[in-house]
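Observations on chain architecture
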Amino acid sequence: MQKIPPSTSRGRILTPLGIGIALSLLGDQTLYVVLADPNIAAQAGISSAMVGIVLGINRLTRLFSNSPAGFLYDRFNRRTLMILSLALGSLSTLFYALAEGATLLLIGRVLWGIAWSGIWIGANSIAFDISSDDNRGIISGRLQMWFFLGAMISSLAAGFFTDFLGYHGGLRLSAGLTFLGMLIWLFFLPETRITIFASPSAHPTKPIKSVFPWRTTLAAALPLFLLRFVVAGVLNATTILWLSQFFETGFSLKGFFLPLATLTGIFSALRVLLSMISAPFAGSLSDRFQHRWWVMTLAHFASAAGLWYMAQPSLLPAVGGALLVTISAGGIQALVPAIIGDNIPNNQKSRALSTTFTIGDLGSALGPAAGLALIPLIGIQQCYQICALLYALIFIFAFWQALGEKSNPSLLY
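To keep things clear, this report deals only with the structure shown in the data block.

1. A closer look at the pattern of salt bridges
On inspection of all chains with the given rule, the structure shows six salt bridges. In this structure, the salt-bridge partner of Arg78 is Asp129, at a minimum N-O distance of 2.8 Å. Placement of Arg78 in helix α5 (residues 78–98) and of Asp129 in helix α6 (residues 102–129) is noted, with a sequence separation of 51 residues between them. Comparing Arg78 with Asp129 shows no difference in burial state: the two are buried. In this structure, Arg136 and Asp342 form a salt bridge, with 2.9 Å as the shortest nitrogen-oxygen distance. Taken as a pair, Arg136 in helix α7 (residues 136–165) and Asp342 in helix α12 (residues 315–343) lie far apart in primary sequence, 206 residues in all. Judged by relative accessible area, Asp342 falls into the buried class, the value being 16%.

Written as structure tokens, this is what we have:
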């Protein structure tokens, strides 16, 4: 097993790791940004009714691929598994580019589901390798920052590539850039399973256990389920429809015109930029005060309020609500792995991550189809109001968890 050289810093591990993650998202984000447009769906060779299935099947795939990925990362070297996963991700994007109908596109989405299981569980396992209880929040936040940076760049690139290179041409370029990310990992990503940053005594209060800690895992997974259902599912799949309420075919000002797909990409990138900033901030805040569930409670309150404002018919309150949801989402996504890392024994961390992400992926798989099915029946505003009420319920759950965390952390689990 390759050991990290003594001169290697956390930044020198997180930087190539983050670049690869960012590049891996190009193909997936392209589909989310543009595929809900009926004209783009026609170019892909699918009907509008198939869009929700295409956007959700990779998440459904991860319900079955996350557990094997967690098993492998608990037992084998990170680096090899990560490189193979990103190579598979590049292949999946190439399949999108070549597809002229549902079959090859669906195969590509299944491959991407398998690839992302390996990429994301592996990345969080590496974050555990190089962190401790005192800095796990900020390390998790920095990893999430790279994820959000990739989503932001991919959202911008998705609209731009599609408008100027065409749907298939943009995806071909995305496949090549994802392959470049794999090469970066091949040459610059070290093995971290033996690490200079943590020792076997780093978690003396967490002895090796054989019984899987289900209560701990499920408590952390519930907020992730809702986040993935609403933000990664409903909102991502319907952003272009939500914006079309205010800008029918695009944004026009004094002869300058932004097509709707590009406008959606820019707005999605702005939202992701805020999540990129909020993730390390929330992680650092939870490190400082050692009360992750109180930060989680605040984030859910803000999300519920933001979603309610998104359902308003006026542009400014709706946009403000969307940005508030995005800020909160970044914090939630950083805190969930930190809670897992704080409370799960070292030999079960990757499996706990895979279980948590599987529950989150269930939300992601259900979200796009649910949103696209509800909107024709009740309208987009009522759909977003239902999402706000769901966040209000999880706010109550997080508040209860926070009360237990303050008095006795063991009561949580």
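2. Observations concerning the side chain of Thr326
With respect to the helices, strands and loops of the structure, Thr326 is situated in helix α12. Residue classification places Thr326 among the buried positions, given a relative accessible area of 5%. Thr326 has contacts with Arg271, Val272, Leu274, Ser275 and Ser278, leaving out every residue within four places of it along the chain.

3. As for the packing of α6 against α7
Contact geometry of α6 with α7 gives a least axis separation of 9 Å together with a crossing angle of 150°. One finds that α6 runs roughly antiparallel with respect to α7. In the packing of α6 onto α7, the handedness of the crossing is right-handed. Residues Trp116, Trp120, Ala123, Asn124, Ala127 and Phe128 of α6 lie in contact with α7, whose contacting residues are Arg136, Ile139, Leu143, Gln144 and Phe147. Tallied by class, the residues present in the contact of α6 with α7 amount to eight nonpolar, two polar and one charged.

4. Some words on the nonpolar core
Within the largest apolar cluster, 111 residues are counted, with the highest numbers of intra-cluster contacts made by Leu17, Ile21 and Leu35. Among the elements that make up this core, the one with the highest residue count is helix α9 (residues 214–244) (14 residues). Core analysis: the next-biggest nonpolar cluster, separate from the first, contains five residues, Leu23, Leu26, Ala157 and Ile184 among them.

Rules used in this analysis
- Residue numbers restart at each chain and count upward from 1, following the sequence in its written direction.
- With pLDDT at 70 or above as the cut-off, local features in this predicted model cover only qualifying residues; side-chain atom pairs require 80 or more to be listed or tallied, and sums for whole chains, interfaces and linings still use all residues.
- With hydrogens and water excluded, all non-hydrogen atoms of the structure serve as input to the side-chain values.
- Every case where a carboxyl oxygen of Asp or Glu lies within 4 Å of a side-chain nitrogen of Lys or Arg is listed as a salt bridge.
- A run of H or I in DSSP counts as a helix once it spans at least four residues, and a run of E counts as a strand once it spans at least two, with each numbered from the N terminus.
- Each residue is placed in one exposure class: buried if its accessible area under a 1.4 Å probe, protein chains only, is under 20% of its type's maximum, exposed if it is over 50%, and partly exposed if it falls in between.
- By the convention used here, residues are in contact when the closest approach between their heavy atoms is within 4.5 Å.
- Here, axes are lines fitted to C-alpha atoms. For helices the fit covers the stretch in contact, and angles between N-to-C directions go from 0 to 180 degrees.
- Comment on the angle field: the value is read as roughly parallel under 35 degrees, roughly antiparallel over 145, roughly perpendicular from 65 to 115, and oblique elsewhere.
- The sense of a crossing depends on the near helix, which, turned anticlockwise from the far helix by less than a right angle, makes the crossing left-handed and, turned clockwise, makes it right-handed.
- We call Asp, Glu, Lys and Arg charged. Ala, Val, Leu, Ile, Met, Phe, Trp, Tyr, Cys and Pro are nonpolar, and the rest, Gly among them, are polar.
- To define a nonpolar core, start from buried Ala, Val, Leu, Ile, Met, Phe, Trp, Tyr and Cys residues and group those joined through side-chain atoms within 4.5 Å.

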